[in-house]
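# Structural overview
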Amino acid sequence: MKLALLFLGVCLAQAALNPEDLREKVFEQQREYLYKYEGDVKSGIPQTSDKYSGMKIEAEVRLQFKTDKDVLMRLEKIKFKSLRGELESPEERELRRLTKDSKEEKIPEQRQHHAFQQEFQSSSEFELSRESESEERLPREEQERRQRQEQERRDQKPKKSSREEESKSQWEPSREVEEEVEETEKNMAELRRHLEKTIKVRYEKGNVTKIEAQKDEPQESVNIKRGIWNMLQLTMDPKNVETLDKDSKDKSKSNRAYDKSTEKLFRIMEQDVSGLCETQYDIRESRLQQNLREVTKTKDYQNCRQKVEKLHSLVSAKKIESERKDRKEDKLESSSVSRLLVVTDKLRSDKFLIQESETRSQHVYQPYSKEGGEVITFSKQTLKLKEAKQVSEQMPEPREPELKGNLSFVFQKPEYKQPREEPRQEKTQEKKEKIERLSKEISKEMKHSVSQEAPRKFVELVKELRQLSEEQMKKILKELITKPLNQGEQRKQRLTDEQVQEKNQTRKVLLDAVSLVGKQEALRAIRELMELKKISESEVEMLLTGVSLSIQPCPRTTREMLEIAQSERSQESKQIRKSAWLSLGTMIHGMISQQKEGQMQKKRPQDQDQIEQIKREYSQELLKGIEEEKSEEEKLIFLRAIKNAGLEQTVDRLQEIISGKDSETNTKEIRVQAIDALSRVAKKLPNKVRQIALRVFQNPEKSESERIRAYELMMETKPTLSFIELIAQSTQRETSNQVGQYVYTDLKARSECKMPSCKKMSKLCKIALRLCKPFNKGIQYSESRKWQMVDEDLDMGVSLDLKSISNKKSIFPKDVRAQLRLNTLGYDIKLLEIAGRAEGLQSMIDSLFFKKQEEKKSVFDYMMKKTRENSEEYRKSKDQKQKTVAEIEIGKVRNSLPIQTRRDEEEPRLSLSTSWSDNEVSFQEFNKEDLKKMVREGKLPMSDLEEQLRKGLKHQLTKTTFLFEASRQVPTTLGLPLHLNLTSVLIVKSKSEGKLEVSPKMFREDRREDVRKIESELQSNQTIVLYTTGKMTVESRVLKSGVAINVTLNTTLPVSGKLSMDMESQKYKWTMETPQQERELVTLKSTPFVYTEQKQTRKDREGKKVEVTRRQEILIKGKKIQKQPTEYNRTFGREEFGVEFRLNSSMVSRLSKEKRSPFQPLTGPVELRLSAKPGQNKPEKVEVELELTKSRPSSSERNSEKTREDNRWEIKISANHEQQERKMTIKINDSEEKFEEDSRRRQLDSRDRNIPKRFLARSVQEQEPLVSEETRDMYEQGRKQHLRRTFAVQIDRTRLPRESEDFKACINMEFEYPAYSDYSLIQDRVQKANIEAKWGRDCSGNDKKMQLKAKFQKSVEQRRQERKEEAMYEKAPKNSKPLFESEQDFESLYETLREVLTFGESSSSRSSQEEKKSEQGEKTREYFSQTHSDKKREIRENVFRKCLQDRKEGLKFSRSCLKAIEQRSQLRELDIEIEHKNLPTWMKQLVSDLHKDIQHRNYERTSIKDVDVRNEENKLRLRLTVDKDAKEMNITIKTPREESNITRISLEQPKLKINLQKLLRTELPMQKDLSIPFPLRFPSTKYSMIEEYQNRLMNKQYWPYCKVESNDKIRTFDDVEYKYKLSKCDHILAKDASPEEKFMVLISKKSEQKPENVLKVFLEGKKVELQMRSREESERRRQQSGEKWSSQEEEEHKHDEMEITVDGREVEVQPEQSLQIRKDQNDRNSEVLFTIKRSGKMVKVISEKLGLKVKHDLHQTWVKVSNSFRSKMAGLCGNFDGEQTDEYSGPSQEVYNHHQMFALSYQVPSKQCETEGKKLPLMRNVMISRKNENDKDETCFSKTPVPQCPEGSRKVKSVKQQVEFHCLYTNLESTKKMLKLYKTKPLDKMMSKKTDRVQEIEAELECREQ
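Given the structure is predicted, the values throughout are model-derived calculations rather than measurements. (Residues numbered from 1 in each chain as written. Predicted model: local features only at pLDDT ≥ 70, side-chain atom pairs only at ≥ 80, totals over all residues. Heavy atoms only, no water.)

## Remarks on the overall build of the chain
- Check the secondary structure of the chain and you find 50 helices and 67 strands.
- The proportion of buried residues among the 1906 residues of the chain is 48%.
- Once local pairs closer than 6 in sequence are excluded, the contacts in the chain between residues at least 24 apart make up 69%.
- Accessible surface computed for the chain: about 97700 Å², of which carbon and sulfur atoms make up 47%. (Helix = DSSP H or I, 4+ residues; strand = E, 2+ residues; numbered from the N terminus. Buried < 20%, exposed > 50% of the residue type's maximum accessible area, 1.4 Å probe, protein only. Contact = heavy atoms within 4.5 Å. Areas by Shrake-Rupley, 256 points an atom, 1.4 Å probe, with all protein chains shown as cover.)

Below you can see the structure in the form of structure tokens.
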């Protein structure tokens, strides 16, 4: 039996291998194969809804094999159908499954998939049923017979029952509508005609290598046939070298085991419709039939060598790189799986027959995260063999064959066919009428308000224009676009103003649409309109800019733009010329830029040689504009165009301008723009650009703008980590604070970037930042800041980069840029950049900002002042005016020591530029001559402006544009293109009408009075509409289907009212009109839907055949996520205001997620409306009146101890109606009074009873150490002085209709804080706040009430630290050194402390100490640390001890003392107590929810005690404590039943999460995390909270100061210290060196043997002199007053008194009093010039008007100036330019290397200096003679003056210095003149000369008579 079975098997095998039997079962020549083809595609949003749309193709495919490789193909019985419907919901499918018999259910249910996905994704393994397989074994005649019987049975069978309906396959849609496209349709007939044409295919071993078709057959038809051949593409036996799975160590060229195997698994790169992509094959033998193979192949479209894709975008975008290096992520992901049944010949692998093929693919577009929804297009193709036979009738080959390519999809090029002449004219007329109709309709839609249809029609208008030919475009535009009508033409045509306005608006709409056409035809039409002068210059600029951004550049269009730029009209108009060249640069870049994967860029020529030729040609054209002979204006235009173009050929020329031979001949502005011009080349030539930029960045002689721009350029090159570290390391040696701070802040901003596009750079900058020197100089320096909002759920973010470049001359930046960047849909888009640059305008800016309010003048006052000062009459009156004492002495100083005026030498310049999508689209430079005239002469032409404002001005602006337009096309497996389109239309409409009248007139040059009255009227309506539509469409010639979403945002802001301001009586009235009808203020509507679209031919009323588009839509309601949408309806204000505001919203929320559907529109429809309409008893108008009254203290009150100043505001709001009175009165009283209180005697809080009192308050007996009694009394007196600021608010409102009585509320706020800054070490002051609110029926407190008491004070830990420092000083050896000079010094002190304070006890004394603890030992453990390292650190950091050591040396305000005072002035604790009564329930719930929310967010750092807690009812207590560095905070919260402690809350970057959705219990998405951009700070007794933030922002440079100490140390404004001993000579300490010369401070000594200084202050034409009173006079005064002195501070000079004189007359200023110096001292109403205050021994001269504060106590001097004097100062205090490298700048701005020479240069020569035989060294330039290398005589002069003893004197003290020299030929006339001058005075402008030699010169510092 076994032998028989074996014999039978061998026979069957031989039969299977018989070639004659296999010939009919494999592809053979001269045989014909007929397949049944079905292909359908469906699109939808499966996570949201089961609704879909799609199309279906049915056909019979006939293949004829002419040879083994050449195949003819033809389609027959072609049908196109549209599909719409809804698949079964999961609930329906589950119900059907439960009612179904288990035997009938053949395919397992997959419940986790949605119905939509199951239709296409849930396919099981490809299997044939046994029935179908057995049928294949039957003869062909039997199969045909059975098929006929089955068809007859189906035709006779009645309708299926419900049970049979349910037994349908689960993948079959339950509600589907199929509509076949009628064959009579024109488009269908034409497409069918092409599809039925024969194509010839080269089919080698299962691979399609070549396709030939008839010449006139379009690619659209061929692509559908490619989709069918894509199912026949098969690789059965690849070569070993072709596979991708070969091991790297396998060197063999073959794999025998693999070659002999019938089942194979391999990967290859295979061609298909989408390109050459990775394909995974799985070939298995079928168990049901011999020689039958089951082939499964999957495509990986993320790994393609060639990928078919078409991209276009209005904005340039870059695909965001994924963090994964192996592949790039894409928002559009495609996948494809094919399953084939193949009959093979085992002897020949190239012989096979494909019996059946099925391909399933999907394209998933996921714009957000997975929860946000996915738009999916599924496609499914089946190809089944129906018949195989010998060729009976030869299929004709293609006529006029043409090679159409290979299997890869080819996008159809739009072709325009020229019709016959008469129909062409008719067609043009139809197009014109349609375009005109659309333009007029859009204009009407925007007449009053912008309707929702206007954006959609605008998109349609742009599409119509894009379909025009060049001839049609020119003809239509010439007829429709005419010149705007003037008044004469208006009267001639008898048109009304409304008709003219409508006509102009229609014209404007059409121009906006033309700018977005983006075709060569439009560009040529624009050129013709420009030459005919039918459009204005601004319109030409708009059109050229729009076309350059929207066009697909090619050599022809770029050449056209070049011709426009060179045209005669362009040369005549600067505005057109700028726009044309910028547009040309944009188009060049779009044409030659390389196409990267996924990058939205324009097409470029394919020939590389052609590209290089184009680059060379256009680079030559652009470089012509920056030749040396060109003007600066022309150079700037072409440099900006070069920047847009980004051509590598321009780099060498730009390098010459930046740092080469032409760098000196070009201005700084040209060099900066040349650096910017390299930004686009930076990524193409990173190494070359990096070298150019690094040379500029490392050159300290370059300006800040050049160096910072060079740094930015280097960062654009995508530098490596090592290069970024090189830049960061360079900041350690950086000499410019401007550059250093910018680099540091920019690296820090980049390291903190969370945008998806900058994650890689962020990591690199974080590492490099460790090597960077931290620069935190303040906001007055250059810096880079980044604000960003990133949503990881949406996978998108937006950032705003603010970059400012400042200079030495002002704190206001001269270069500001704001960059808006968007990361969305997987792309990084540089959306918008606005930049401004100002030069030479500092004097005007400073005059406007650095003045007190009463001194501030407008720009017109500034200009009129300049005009008057420059007038001859003013100069004559000034010369004839009698000079004062101060002016005479200033003149003497000026003659003795001339100070070069610090002028703004840069020419006035102001430029603004705008970049869109990284292309500079416009820039505006204001005329330099006009700016010069305005700044220097104070004149500005303002001829008719005021008169027009008085009569009334009307302004209307309408702009319609595409904010975003992008498209992406990929092929589907059906051969149909899949389109992704996103279009965003922005419409802005602004309509304003108003009047303004100022009394007296504003622009009169002779105006002397201030403004008395202002009357204004305004009627304005601002509308912004943003319409965005997104589509995912599959398109054919006859059908379109897909998914779309329309989002419309419409905002309207109507404002109408009057404003009256009476400046004299300080009464202000605002009248606002109320709406007469309902107005929608904000409307947001989002609608997702699926649709099908079909073009059909219909007859109109006249019987003509017209083509119409039939569109059918199905709304996606999101029922799979939410059965019913979330609705929110709220109205308010109907009765209260008489105006009803209504908020309505409806949205579909994500499942189990936050309700944020407005930001995720794919979840379903969204609608949000905010409207306003008349309410109950609507008032006609609303009036708001404000009256301000001030009460100033009288002269007697001003001199008393208690002073009080009151400000009162009264606001009256009325909205009355005859049936209802609505009135509200708000009274605000702001008062301030001074009172005395000793904080040390305050009552302590009951909560602190468990803490020792010494850690809660200072004792009254504790005194300030090491100061005189006088100073102690001064501190004591100042400590008691407090200010109480009170704000009282009273609100009275009439009752509302539902209320029974009027409403009243009273809020009283009291703030108590020190009146003066505390500069003592032993201080204990607090700041208090008391806020009490009462509201309800009255303000008695019987109704609702809340009281808050807050107190800022020192924390217990802070007091412990202070006690520790004091104890360490008291126990230290009294002869210890101020600083530990060695480790032995420290150990000696440490051993001493160990002996005094026992840290560890011996065994013998331990028991006794345990029995009795002494108080000293207890304090020791409280005060001191227990480890040796901590003790060591504490002693070293004890600034209190260092300060006391400095005080012993007479340095009361040394650096250590200032630091210790600042530490001890900090108030690190805030205690808050809240008491409430009868609070509303909602308010209690709000506080409770907020408390729980805080605990929840800080759960890990929170400890809660809720057992046995019995605190007071209706009270809430909080205690906030910050650490020493103010970086972290601890919070204690006590409620009646709970105590919670939250620790270590960050204060550096605090985050505030606002969840109004939860707190207000609303369904609206009102939740947001906010990072506060500045740290939280507590006040101190030295600085108020405002001053704390000022110091934080400006690094304590809000009031920069200079200081002269008693030990001869001088600290400059820029924090440079040097030592210089003053003499009897006057020295200029600080002087305003600007042309105004507002003040000057001189300092000298009365005697060089004594420490007292003499100070002279010159300001406002007055001279104030502060000097020591003579000893005799002081003693006489003291005896008369009976004062007793006991001072330890200055034993030698303890009885010194200060004498104050003004213009030589002594004035008396009592301690703690002030004296106002007026312009006329006899007139109490005269202007106050400055104030002299006295505090102890300190005298202050304060000028608020000038921003000057001078303090002097005979030994130390402080000079404080405002930042308006930046770079305008001269003197020993430095030039105040913010830099330290050129701090030693002399009178002529020469820079000295030695501080001694610098100080001597400001010594004022006078006879008082030359006493006791001393002679004053003269500052003169040194002259040396030499012979140069050519043996010619040269004379060299030192670039800086050097002190030299005058003739007849000898040097006493000298120092040798390296001095730079500048050399000239001796025989020159200029040299001879300098030889005569250098001995008499310092030579001018030598510092700017080049250095020819450096030589050591002896500087003679002191001289005496010989």
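## Some remarks on the packing of aromatic side chains
- A full pass over the atoms with the stated rule returns 25 aromatic pairs.
- On the basis of an interplanar angle of 90 degrees and a centroid distance of 6.3 Å, the ring pair of Y1369 and F1440 is categorised as edge-to-face. Note that Y1369 is positioned in helix α38 (residues 1356-1371) and F1440 in helix α43 (residues 1439-1448), a separation of 71 residues in sequence.
- Note on F1440: relative accessible area 4%, which makes it buried.
- Aromatic rings pair up to connect F27, Y33, F65, Y203, W229 and F352 into one cluster.
- A cation over an aromatic ring shows up here: R690 above the ring of F723, its NZ or CZ 5.2 Å from the ring centre. (Phe/Tyr/Trp six-rings, centres within 6.5 Å; stacked < 30°, edge-to-face > 60°. Lys NZ or Arg CZ within 6 Å of the ring centre and 35° of its normal.)

## Brief notes about the packing of helix α25 (residues 686-697) against helix α27 (residues 721-730)
- Remark: α25 packs on α27, axes separated minimally by 12 Å, with the N-to-C direction vectors making an angle of 10 degrees. Judged by the angle between their axes, α25 and α27 are roughly parallel. Together, R690, L694 and F697 of α25 and F723, L726, I727 and S730 of α27 make up the contact between the two elements.
- When its residues are assigned to classes, the contact of α25 with α27 shows five nonpolar, one polar and one charged. (Axes fitted to C-alpha atoms, helices over the stretch in contact; angles between N-to-C directions. Parallel < 35°, antiparallel > 145°, perpendicular 65-115°, else oblique. Nonpolar A, V, L, I, M, F, W, Y, C, P; charged D, E, K, R; others polar.)

## Some details on helix α23 (residues 651-659)
- Of all the positions in α23, only V651, R653, L654, I657 and I658 are classed as buried. Projection of α23 onto a plane perpendicular to its axis shows the buried side chains occupying an angular sector of 160 degrees, all on one side.
- The inward-facing, buried residues of α23 contact α21 (608-623), α22 (632-645), α24 (668-676) and α25. (Arc of directions from axis to C-beta.)

## Notes on a nonpolar patch on the surface
- On the surface, a cluster of nonpolar side chains totalling about 310 Å² of accessible area is made up of W787, L800, L802 and L820.
- One can find L800 in strand β17 (residues 796-807). (Patch = residues over 30% accessible without salt bridge, like charges linked within 9 Å, V, L, I, M, F, W, Y side chains within 5 Å. Salt bridge = Lys/Arg side-chain N within 4 Å of Asp/Glu carboxyl O.)

## Some points on the pairing of strand β31 (residues 1166-1174)
- Summarising the sheet, strand β27 (residues 1079-1099) and β31 pair through seven bridges and their orientation is antiparallel. The partner of V1082 across the bridge, within β31, is L1170.
- Taken together, the eight bridges between strand β30 (residues 1139-1147) and β31 define a ladder with antiparallel strand orientation. Opposite E1140, over in β31, you have K1173 as the bridge partner. (Pairing = 2+ DSSP bridges.)

## Here's the deal with the sheet that holds strand β51 (residues 1653-1659)
- Pairing is antiparallel in the open sheet, where seven strands are placed in the order β54-β53-β52-β51-β50-β49-β60. On the outer flanks of this sheet lie β54 (1705-1706) and β60 (1769-1770), each paired with one strand and no other.
- Pairing between strand β49 (residues 1627-1632) and β60: two bridges, direction antiparallel. Looking at the pairing, D1632 lines up with M1769 of β60.
- With respect to the sheet, helix α33 (residues 885-896) is in contact with β49, β50 (1639-1645), β51 and β52 (1662-1668), its orientation differing from that of β51 by roughly 110 degrees.

## Looking at unusual backbone geometry
- Even without being glycine, K77 reaches a positive phi, approximately 55 degrees.
- By secondary structure assignment, the location of K77 is in strand β3 (residues 70-86).
- Overall, K77 belongs to the exposed group, its relative accessible area being 60%.
- In this structure, N1177 is a non-glycine residue whose phi angle is positive, near 55 degrees.
- Counting through the fold element by element, N1177 comes out in the loop between β31 and β32 (1181-1191).
- Overall, N1177 belongs to the buried group, its relative accessible area being 17%.

## With respect to the confidence of the model for the chain
- Chain-level pLDDT for the chain is 80 on average; 79% of the residues reach the 70-or-more range.
- Overall, residues 10-23 carries pLDDT values under 50, and its contacts beyond four positions in sequence, including any with other chains, amount to nine contacts.
- In the model, residues 850-871 has pLDDT below 50 throughout and makes 48 contacts with residues more than four positions away in sequence or in other chains. (pLDDT = per-residue confidence, 0-100.)

## Some points on the nonpolar core
- By size, the foremost hydrophobic cluster in this structure holds 119 residues, and its most contacted members are F458, L465, W581, L622, F697, Y711 and L747.
- The greatest single-element share of this core, amounting to nine residues, is contributed by helix α20 (residues 574-592).
- L747 has contacts with Y711, M715, I724, A728, C765, L769 and C772, leaving out every residue within four places of it along the chain.
- Counting 71 residues, the second largest nonpolar core, distinct from the first, contains Y281, L976, V1034 and V1090. (Core = buried A, V, L, I, M, F, W, Y, C linked by side-chain atoms within 4.5 Å.)

## Some points on the pattern of salt bridges
- As enumerated under the stated definition, the model contains 143 salt bridges in all.
- Among the ionic pairs, K688 bridges to D652, the shortest N-O distance being 2.7 Å. Within this pair, whereas K688 is found in helix α25, its partner D652 is found in helix α23, the two being separated by 36 residues in sequence.
- Residue classification places D652 among the partly exposed residues on the basis of a relative accessible area of 43%.
- A salt bridge links E1365 to R1464; the shortest N-O distance between them is 3.3 Å. Within this pair, whereas E1365 is found in helix α38, its partner R1464 is found in helix α44 (residues 1455-1464), the two being separated by 99 residues in sequence.
- Taking the relative accessible area as the measure of exposure, E1365 reaches 8% and is therefore buried.

## Let's talk about the packing of helix α28 (residues 737-751) against helix α29 (residues 759-768)
- The N-to-C vectors of α28 and α29 enclose an angle of 130 degrees; their axes lie 7 Å apart at closest approach. Here α28 is positioned oblique relative to α29, judged by the angle of their axes. As α28 runs across α29, the sense of the crossing is left-handed. Residues L747, R750 and S751 of α28 form the contact with α29, whose participating residues are M761, S762, C765 and K766.
- Per-class residue counts for the contact of α28 with α29 are three nonpolar, two polar and two charged. (Left-handed = near helix turned anticlockwise from the far one by under 90°.)

## Thoughts on helix α13 (residues 470-480)
- Looking only at α13, the buried set comprises Q472, M473, I476, L477 and L480. For α13, the arc enclosing every buried residue in end-on projection is 115 degrees, short of the 170-degree limit, so these residues lie on one face.

## Some details on the state of the cysteines
- All told, the structure shown has eight disulfides when counted by the stated rule.
- Across the disulfide from C1443 sits C1457; the S-S distance is 2.1 Å. Its S-S torsion of about 100 degrees marks the bond between C1443 and C1457 as right-handed, since a negative value means left-handed. Remark: C1457 occurs in helix α44 and C1443 occurs in helix α43; sequence separation between them is 14 residues.
- When its relative accessible area of 0% is taken as the criterion, C1443 is described as buried.
- A sulfur-sulfur separation of 1.9 Å characterises the disulfide bridge that pairs C1836 with C1863. When the S-S torsion is 100 degrees, as for the bridge of C1836 with C1863, the disulfide is right-handed. Of this pair, C1836 sits in strand β64 (residues 1833-1838) while C1863 is found in strand β66 (residues 1849-1865), placing the two residues 27 residues apart along the sequence. Like C1863, C1836 is buried. (Disulfide = S-S within 2.5 Å.)

## Comments concerning the environment of S1825
- Along the chain, S1825 falls in strand β63 (residues 1823-1827).
- Those residues within four positions of S1825 in sequence are excluded, and the remaining contacts are E1834 and T1835.

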